Amino acid sequence: MAETHETQAAEAGHEEHEHHIVGPKVYALILLVLLVGTALTVGASYIDMGPWNPVVAIAIACTKATFVVLFFMHIKYSSKLMQLTVGAGVFTFLILVGMSLSDYISRAWGLW
Amino acid sequence: MSTIVSLPDQATARVPKRNYITEENGLLSWLLTGDHKRIAMLYMGSITFFFFIGGAMAGLIRLELLTPMSDLMASDTYNKVFTMHGIVMIFLFLVPSVPATLGNFLIPIMIGARDLAFPKINLLSWYLYLAGGALALYAMITGGVDTGWTFTTPLSTHYVNTNVVTTGLAIFVAGFSSIFTGLNFIVTIHRMRAPGMTWFKLPLFCWANYAAAILMVLGTPVVAIAFVLVLLERTIGIGVFDPQKGGDPLLFQHLFWFYSHPAVYIMILPGMGVISEVISTFARKRVFGYTAVAFSSVAIAVFGFFVWAHHMFIMGISNYAMLVFSLLTMLVAVPSAIKIFNWSFTLYKGSITFETPMLYAFGFMGLFTIGGLTGVFLGTSGTDIHLTETYFIVAHFHFVMVGGMLMAFLSGIHFWWPKMTGRMYPEKISQLAAVVTFIGFNFTFFPQFLLGMLGMPRRYAAYPPEFQVLNVFSSAGASILGVGYLLPMLYLVWSLKYGEVAGNNPWQATGLEWQTQSPPLTENFKEIPIVTQDVYDYEWLERQKEHEVTQVG
Amino acid sequence: MSLEQQQETASFGMWLFLLTEIMFFGGMFTAYLIYRNWYYPAFVAGSHTLDITLGTFNTLLLIVSSFTMAMGVWCAETRRQKGLVWSLIATIILGLGFLGIKTIEYKEKFELHHVPGASFDAMSFVNVPLDKDGKPKDKALAPDMATHTEIYFSLYFAMTGMHAVHMIIGIGILFVLLYKAAKGAYSTGHITTIENFGLYWHFVDIVWIFLFPLLYLISRH
């Protein structure tokens, strides 16, 4: 009956996730990526790409955010549960935006 | 009538001296507690208080509707009364009801833990609830709100002079209470299960609250931002919902209903969890299709996010959106139906007894089914155009929320009352109350389906005289319903002192909570259990009892 | 529960809280998406009144502050108390810098009557003021489209304002963490608080990563 914490946890099927320490080199690299991304997005806004401008801007922003989530927020080194949790949040946000759009895209387009 | 109740010998039995209630004394030990069971009791008291207030509003509504003219109150006052009724009943009663009371109390014990993951956040959750409730009361007393609980723009942003801002803030604060409760449940169920307590050994009550918790965490913030924007529009005039400035009033509704539809599942799922436990216990049978019921809870939570615009069919959304959301609404009915089927099959060839929790559960199954089926009529956009904003809608949601959820809540309160207090409630009068509630409910709300089909609009204080007969029926039913709700409040309090001593497991139910003393110890278990038995394993329970009997001998 | 388990539990709780923040800001992003598509010329004109230099500089400040915060977490994990303290100080300074620039931007908006509400002046988008060469600063809008710039600015203030509120709360917490870190509270291997605050700070940075291009960089060509 009296068991140690570790064996109890193992029996319950909990993942014993080894704490992975991300070092300064990785962080510095990601910082560089983010700075480059910022420069890119500012530069891209000065180029006329027609309807692709907002697409490029969002794409760059999503990429930057992904790097922050993966490395600064350690999701790359986290358990499946954490990754699923982040995914669930993003998914729900996309449902909110996407399905609201299904209404707006199919009716009078701001023609008050 | 046969019964499965098995109480200890009343001559010698005593409520255990050391339990979570007697552990510490003094007001502060309750107000600053981290014990999930004490917090559950704190919630129980506050929720009952707000139920009274919402109920009083309901009484006023039914009184006004006795006559076709708006003679009891002016129309403006009537608007305030039904608005407050909705806000109090939904945000301050139904949403927290089962999760904050039964969920808080039982989930840690059911999974074999000593407490929730974040006890301090649990306490904070209660204080946020009180703050939100206090703000709502303040708004009520200082003039009220008259927009309906749906705060439809631009009425709420431009055309009323009532306490929209205060009430919006109140709901914003109360929403955080909900978010923190959900957050706590998710982390607890994921990470604090006892050894051997796998996901598929969890009681269905835990699955149901887990699914509801996901909805609380993901849905509530959207209504929060909706209210923030309304507040900004009213105070500064930002114009996001104002057509004159190019805003779209419908955007508010999209944001509002994105939460408020999942909110109805936040309200009903925990009730469904209760019903799973009660039906299994009083049919002495494991729930039929456990996996299906467990997954259907999660399915309801997920699909529940895809259907919100079925509340907006006549509001000006596009035909294409009507199509999409109507179709998806048909889909979300399926998991709920699966549950009803599974509960029915659980009853089949079960050894059924009719104690009070079971009576309420039967009431739930019948009334929720009717309410749910009428939801299908409303999800069909063609019929919805005729029925929406009439009393048909009012009847629909009262069938699922009152005939369904409130009955489930009462079922759960009675079922776990002996566990939470150590005392049994008086069976005969409680059975009477359950029957009175059922009769009163049907008299109150069934005529409203007819009224709706005949065309009586909702939220009107005055109506054409030909609708009076049905309205009188409804109000008469409401008075019976009121008696049905008053009785438990009286006898439950009475039972605290005079009820029979319950013992550990008066219902001979499975589940870890029934293997502990009633009321439980503050730390729930002397030692954390190691779970080897299946969920709803009545054979295991029999063997335990035989084991005890031979031991004593 | 082992320390490892406790830390993961706390992180799980923080991530769930961040999910609520995603959905909270998500509502405003939804509004933005819809109105930008409805009133594109108004959004372009509104965006052009924002100072791209200040906006870019603010973005850089926040990104570096995310780096310093991540370094703070590393210092806590490797029990470098001095490093942690300096990382927190750097993060605070960068955060305050961001808020300072935001204040300058807001003040300018106030002076130009771009704050939504009673004082909003849409006519400056119809009768566009001239620059020093005598040319209009931007393309003029028709009067009805000009009124829609108020929606742009409503969303600008709502989104950056809500973001700023989160920054202020974050900086407040940073001061508390700094005080405790200086006393050695986070150099014992108990890094949960620092790590979880880091998650919050990074999230606030991510919100700005999206706000910047959406608000400042609409069609700068």
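Residues numbered from 1 in each chain as written. Chains lettered and ligands numbered in written order. Predicted model: local features only at pLDDT ≥ 70, side-chain atom pairs only at ≥ 80, totals over all residues. Heavy atoms only, no water.

Further remarks concern the overall build of chain A. Counting its secondary structure elements, chain A contains four helices and zero strands. Walking chain A from its N terminus toward its C terminus, one meets helices and strands in the order α-α-α-α. For chain A, the residues scored as buried account for 41% of the 112 residues in total. Pairs at least 24 apart in sequence give 52% of the contacts found in chain A among residues at least 6 apart. Surface accessibility of chain A: about 6000 Å² in total, with carbon and sulfur atoms responsible for 74%. (Helix = DSSP H or I, 4+ residues; strand = E, 2+ residues; numbered from the N terminus. Buried < 20%, exposed > 50% of the residue type's maximum accessible area, 1.4 Å probe, protein only. Contact = heavy atoms within 4.5 Å. Areas by Shrake-Rupley, 256 points an atom, 1.4 Å probe, with all protein chains shown as cover.)

What chain B contains, in helices and strands, is 17 helices and zero strands. A compact globule built from 553 residues would reach a C-alpha radius of gyration of about 24 Å, and chain B, at 23 Å, matches this within 12%. Dimensions of chain B, computed from the C-alpha atoms along their principal axes, are close to 80 × 45 × 45 Å. The buried share of chain B, reckoned over its 553 residues, is 63%. The long-range fraction of contacts in chain B, counting pairs at least 24 apart against all pairs at least 6 apart in sequence, stands at 83%. Accessible surface computed for chain B: about 19500 Å², of which carbon and sulfur atoms make up 70%. In chain B, 28 positive and 28 negative side-chain charges are present, and the distance between their average locations comes to 6 Å. (Rg over C-alpha atoms; globule rule 2.2 N^0.38 Å. Lys, Arg positive; Asp, Glu negative; His and termini not counted. Charge placed at Lys NZ, Arg CZ, Asp CG, Glu CD.)

As a further point, take the confidence of the model for chain A. Chain-level statistics for chain A give a pLDDT mean of 84 and a share of 80% at 70 or above. In the model, residues 1-16 of chain A has pLDDT below 50 throughout and makes 30 contacts with residues more than four positions away in sequence or in other chains. (pLDDT = per-residue confidence, 0-100.)

The next subject is the interface of chain B and chain A. With 30 residues of chain B at the interface, the matching set in chain A holds 21 residues. At the boundary of chain B with chain A, total buried surface from both sides reaches about 2200 Å², with 67% on carbon and sulfur atoms. Joining chain B to chain A, the criterion identifies one salt bridge. With a closest N to O distance of 3.0 Å, A:R107 and B:D248 form a salt bridge. (Buried area = accessible area lost by both parts, 1.4 Å probe. Salt bridge = Lys/Arg side-chain N within 4 Å of Asp/Glu carboxyl O.)

The next thing to look at is the pattern of salt bridges. All names here are of chain B. Counted according to the given criterion, the structure contains 11 salt bridges over all chains. One salt bridge connects E389 with R458, and the closest N-O pair in it is separated by 3.9 Å. One end of the pair, E389, is in the loop between α13 (381-387) and α14 (391-421); the other, R458, is in the loop between α15 (427-454) and α16 (468-498), and 69 residues separate them in sequence. Accessibility expressed as a relative area gives 13% for R458, which makes it buried.

Now for a nonpolar patch on the surface. All names here are of chain B. Judged by side-chain polarity, V435, F438, I439, F443, V469, F473 and I480 come together as a nonpolar surface patch covering roughly 580 Å² of accessible area. Taken together, the elements giving at least two residues each to the nonpolar patch come down to α15 and α16. Tracing the backbone through its elements, the reader meets V435 in helix α15. (Patch = residues over 30% accessible without salt bridge, like charges linked within 9 Å, V, L, I, M, F, W, Y side chains within 5 Å.)

All names here are of chain B. Cis rather than trans, the peptide bond between T153 and P154 has omega equal to -5 degrees. Within the secondary structure, P154 is located in the loop between α5 (119-141) and α6 (155-159). Positive phi values are uncommon outside glycine, yet E389 reaches one of about 60 degrees.

Evaluated as defined, the whole model comprises 74 aromatic pairs over all chains. Among the aromatic residues, ring-to-ring pairing joins B:F91, B:W149, B:F151, B:F227, B:F241, B:F252, B:F256 and B:W257 into one connected group. Directly above the ring of A:Y104 sits A:R107, whose terminal nitrogen or CZ lies 4.3 Å from the centroid. (Phe/Tyr/Trp six-rings, centres within 6.5 Å; stacked < 30°, edge-to-face > 60°. Lys NZ or Arg CZ within 6 Å of the ring centre and 35° of its normal.)

Moving on, we get to the nonpolar core. Counting residues in each nonpolar core, the largest one holds 298 residues, and the members touching the most others are B:W416 and C:Y35. Those residues in contact with B:W416 that sit more than four places away from it in its chain are B:L102, B:L106, B:M110, B:F205, B:V274, B:E277, B:E513 and B:W514. (Core = buried A, V, L, I, M, F, W, Y, C linked by side-chain atoms within 4.5 Å.)

This paragraph deals with the interface of chain A and chain C. Tallying the contact residues gives 58 residues for chain A and 52 residues for chain C. Between chain A and chain C, the buried area comes to about 4600 Å², and carbon and sulfur atoms account for 76% of it. Linking chain A to chain C there are zero salt bridges. The interface formed by chain A and chain C contains two residue pairs in polar contact (both at pLDDT 80 or more). Contributions of two or more residues to the side of chain A that touches chain C are made by α1 (5-11), α2 (24-45), α3 (52-72) and α4 (80-104) of chain A. (Polar contact = N/O pair within 3.5 Å; in protein donor to acceptor, adjacent residues only side chain to side chain.)

Residue and element names in this part refer to chain B. Position of M358 among the secondary structure elements: in helix α12 (residues 356-379). Given the relative accessible area of 0%, M358 is considered buried. Linking M358 and H414, residues 56 residues apart in sequence, is a C-alpha distance of 9.5 Å.

Now for the side chain of C:S11. Position of C:S11 among the secondary structure elements: in helix α1 (residues 3-38). In this structure C:S11 touches C:N196 and C:L199, once residues within four positions along its chain are discounted.

Attention now moves to the packing of helix α9 (residues 249-283) of chain B against α14(B). Residue and element names in this part refer to chain B. For the pair α9 and α14, interaxial distance at closest approach is 8 Å and the crossing angle is 50 degrees. As the angle between them shows, α9 and α14 are arranged oblique. As α9 runs across α14, the sense of the crossing is left-handed. Counting all contacts with α9, which are made through V264, M267, I268, G271, V274, I275, E277, V278, T281 and F282, the residues of α14 involved are V400, M401, G404, M405, A408, S411, G412, F415 and W416. Residues of the contact of α9 with α14, tallied by class, amount to 13 nonpolar, five polar and one charged. (Axes fitted to C-alpha atoms, helices over the stretch in contact; angles between N-to-C directions. Parallel < 35°, antiparallel > 145°, perpendicular 65-115°, else oblique. Left-handed = near helix turned anticlockwise from the far one by under 90°. Nonpolar A, V, L, I, M, F, W, Y, C, P; charged D, E, K, R; others polar.)

Residue and element names in this part refer to chain B. Largest kink in α14: about 40 degrees, centred on F415, with the proline P418 one to four residues after it. Among the 31 residues in α14, 30 count as buried, and that is most of the element. Its side-chain oxygen placed 3.1 Å from the backbone nitrogen of F392, T390 serves as the N-cap of α14. (Bend = angle between axes of the 7 residues up to and from the residue.)

Time to look at the packing of α4(A) against helix α11 (residues 319-347) of chain B. Direction vectors running N to C along α4(A) and α11(B) enclose 135 degrees, while the axes themselves pass 7 Å from each other. When the interaxial angle is binned, α4(A) and α11(B) end up oblique. Across from A:M99, A:S102 and A:D103 in α4(A), the residues of α11(B) making contact are B:Y320, B:A321, B:V324, B:F325 and B:L328. Classifying every residue of the contact of α4(A) with α11(B) by side-chain character gives six nonpolar, one polar and one charged.

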